[in-house]
Amino acid sequence: MPDPTRPLPNLVPQPDGSWTGRTVLTPTSFTTRGLFTLPSSKVIPVIVVPGIMGTNLRAATSPAKRANEVLSPGEPAWRAPNGTFEGLNTARRWRRIDPYRRENILDPGTLEVDNRGDIHLPLEARNYGTTEAEVRQRWWGEVHWDSYGALLYGLHVGLNHTFEMDPLDNVRVICSHWKAVMECDPVKWGVRNIDKLTEPELEKYAGYYYPVYACGYNWLDSCEDSARWLRQRIERIMAFWTERKRECKQVILVTHSMGGLVARACAKQIPHRILGVIHGAMPALGAPVCYRRIACGTEKWSPSNSDVDNVKAGYVAEILGEMPKDTMAVMATSPGALQLLPNHLYPQPWLHISLVSRINNKDVPRDVVHLPVGNPYDMYRDLDAWYRLVDPDLVDPARRYKGKSGARGATWKAISSAEKFHRETLGTYYHPNTYAFYGADPAHMSFGAVRWVARDPVAGAVFTESNLRSAVGIGYDSTGGRRVRVEGRTNLHFVPARQDVAGDGTVPHQSGAGPRGKVGQLFDVRGFDHQGAFNNDAVLLLTHHLIVKLVQKLP
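Cut-offs used in this document
- Residues numbered from 1 in each chain as written.
- Predicted model: local features only at pLDDT ≥ 70, side-chain atom pairs only at ≥ 80, totals over all residues.
- Heavy atoms only, no water.
- Phe/Tyr/Trp six-rings, centres within 6.5 Å; stacked < 30°, edge-to-face > 60°.
- Helix = DSSP H or I, 4+ residues; strand = E, 2+ residues; numbered from the N terminus.
- Buried < 20%, exposed > 50% of the residue type's maximum accessible area, 1.4 Å probe, protein only.
- Lys NZ or Arg CZ within 6 Å of the ring centre and 35° of its normal.
- Core = buried A, V, L, I, M, F, W, Y, C linked by side-chain atoms within 4.5 Å.
- Contact = heavy atoms within 4.5 Å.
- Pairing = 2+ DSSP bridges.
- Axes fitted to C-alpha atoms, helices over the stretch in contact; angles between N-to-C directions.

## Observations regarding the packing of aromatic side chains
Part 1 of the argument: Per the counting criterion, the structure on display carries 16 aromatic pairs.
Part 2 of the argument: When the ring of Trp78 is compared with that of Trp219, the centres are 5.7 Å apart and the planes differ by 80 degrees; the resulting orientation is edge-to-face. In this pair, Trp78 is assigned in strand 7 (residues 76-78) and Trp219 in the loop between strand 11 (212-214) and helix 7 (223-243), connecting sequence segments 141 residues apart.
Part 3 of the argument: Plain terms: the ring middles of Tyr291 and Trp350 are 5.7 Å apart, the flat faces sit at 75 degrees to each other, and that makes the pair edge-to-face. Pair noted here: Tyr291 is in helix 9 (residues 288-296) and Trp350 is in the loop between helix 12 (335-338) and strand 14 (351-359), with a separation of 59 residues, a long-range link. The two residues Tyr291 and Trp350 agree in class, both being buried.
Part 4 of the argument: Among the aromatic residues, those joined into a cluster by ring pairs are Tyr291, Trp350, Tyr377 and Tyr380.
Part 5 of the argument: In this structure, Arg138 packs its charged tip against the face of Tyr213, placed 5.6 Å from the ring centre.
Part 6 of the argument: The ring of Tyr430 is capped by Arg264, whose NZ or CZ atom sits 3.9 Å from the centre of that ring.

## A short note on the nonpolar core
Part 1 of the argument: By size, the foremost hydrophobic cluster in this structure holds 105 residues, and its most contacted members are Ile47, Leu230, Ile234, Tyr291, Leu468 and Phe494.
Part 2 of the argument: Beyond its immediate stretch of four places on either side in the chain, Tyr291 contacts Cys296, Leu341, Trp350, Leu351, Tyr387, Arg388, Leu389, Val450 and Trp452.
Part 3 of the argument: Ranked by size, the runner-up nonpolar core spans 54 residues in total, among them Ala125, Leu159, Ala533 and Leu540.

## Things to note about the sheet that holds strand 8 (residues 111-113)
Part 1 of the argument: Pairing within the open sheet is antiparallel, and its three strands lie in the order 7-6-8. Edge positions in the sheet fall to strand 7 and strand 8, since each of these pairs with one other strand and no more. Averaged over neighbouring strand pairs, the angle between their axes works out to 45 degrees when direction is ignored.
Part 2 of the argument: Judged from the three bridges that link them, strand 6 (residues 57-59) and strand 8 form a sheet pairing that is antiparallel. Note that in strand 8 the partner of Leu57 across the bridge is Val113.

## Details of unusual backbone geometry
Part 1 of the argument: Along the chain, Gln348 connects to Pro349 via a cis peptide bond; the corresponding omega equals -5 degrees.
Part 2 of the argument: With respect to the secondary-structure elements, Pro349 resides in the loop between helix 12 and strand 14.
Part 3 of the argument: The peptide bond linking Leu371 to Pro372 adopts the cis configuration, its omega dihedral lying at -10 degrees.
Part 4 of the argument: Take Pro372: it is sitting in the loop between strand 15 (362-371) and helix 13 (376-381).
Part 5 of the argument: For Trp139, which is not glycine, the phi dihedral falls at a positive 70 degrees.
Part 6 of the argument: Residue class for Trp139 comes out buried when judged on its relative accessible area of 13%.
Part 7 of the argument: With a phi close to 55 degrees, Asn360 is a non-glycine residue in the positive phi region.
Part 8 of the argument: Following the sequence through the fold, Asn360 ends up in the loop between strand 14 and strand 15.
Part 9 of the argument: Looking at Asn360, the relative accessible area reads 71%, which means it is exposed.

Here is the structure:
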């Protein structure tokens, strides 16, 4: 029987190429030996890039940025809540924040990434010598723990423990978490067959050290700006290891949602610095839910939600904004938010104006208007149609945008930035070594299209595409619906219809599947909701599997 050992804190690389570790003296009666684990000198950093609202933000402390109007320097501006209790408190707080304060708090030019977010390492972390101080230096505190903690910690432990010695037979065996990866039924990953991991592949993989980092970013800014931020982070991480005489030539990016757009733009700049990319739940072609939330406020209900989940959705809506006046004050001039709208490659039409008639005691809906036709950005720039994305009267309650163009000009500028990013910066580019997974789950319905629906008053009026498109908006209702007057005499009340296609609750399947034919392999994984994608066991196993496959591409 081998002598008992206890893991000591992970070793720290030194500028001269050595490693140092710290421990404390123990009584001579304490005979358990301390164990330091020496990592490989060949390093492949793994960097997690979160989705929109997954990064903690604070009022800027840098004098190079404008001062926030309502927050003191360093005061938290955005932190997604961790846990139900914190979620309730956060919902109550945001419920009391009016559009004026929302616009000022979430003013992108006054904010910076905040590394002071919660980190809740499990008790078992001590068994691997992992401390909060260590992972905070790797920027884990920048991202929402409930969404990314399981991924960060799972990669931190799993990637760097491949083989172990069997205590009874004293022979090398594959660690249990890697056995789970190797034995996972590929059906859970949405494929019938897959090239399973082999022990020789793990042998090659185990020859490298995989420090795990997060890279938050200001998600209100353009994804193009965030891509530059990510590039600087990559270069900083690689320089850190190179200066400590380690071989560090490339990194692996693991992305979620909007983070996939950021990573693609970054990889286009420095493809040689990136070994590969794994995209999760990326709105590759945009998502109609973005239009829905800006134009109508955040939805509180989904047909695929349980009663408890719909209660939670109500709290989420209070945080993100229940009404158009809340969401437009933040999102209408945010390039990052607008870059999540359906882009020019999203299947058209996806915005419909519908009437419901009562025929033989049954409601019969019919779509009368189908949009967009051609360039979707022209529809976004139309600030006068009643079905407009943005109402310029609701954009700027804080009166930040002055001058001749005012709120309209600020909105047009942000929309044009989104168009430029989609068409020129990103285009159809994917890094040559890319894998992606998405959800097409009927248990997590999403908006594949948005429908404005009104009941036909059956009063002799005739409704056509022409007169519905030229109708005049006369107000909003208390749930984000719109009141419309047709030909100056007939009033209709339009409300947004519910989610209509399979997805992950946010990204519809047609956008999630956008990388098809452009990446190494695309996986349709069921059973996860968008924000919790990396809390799904099958997704975590798939991520480990794909990282090993990427490493095999090294010479």
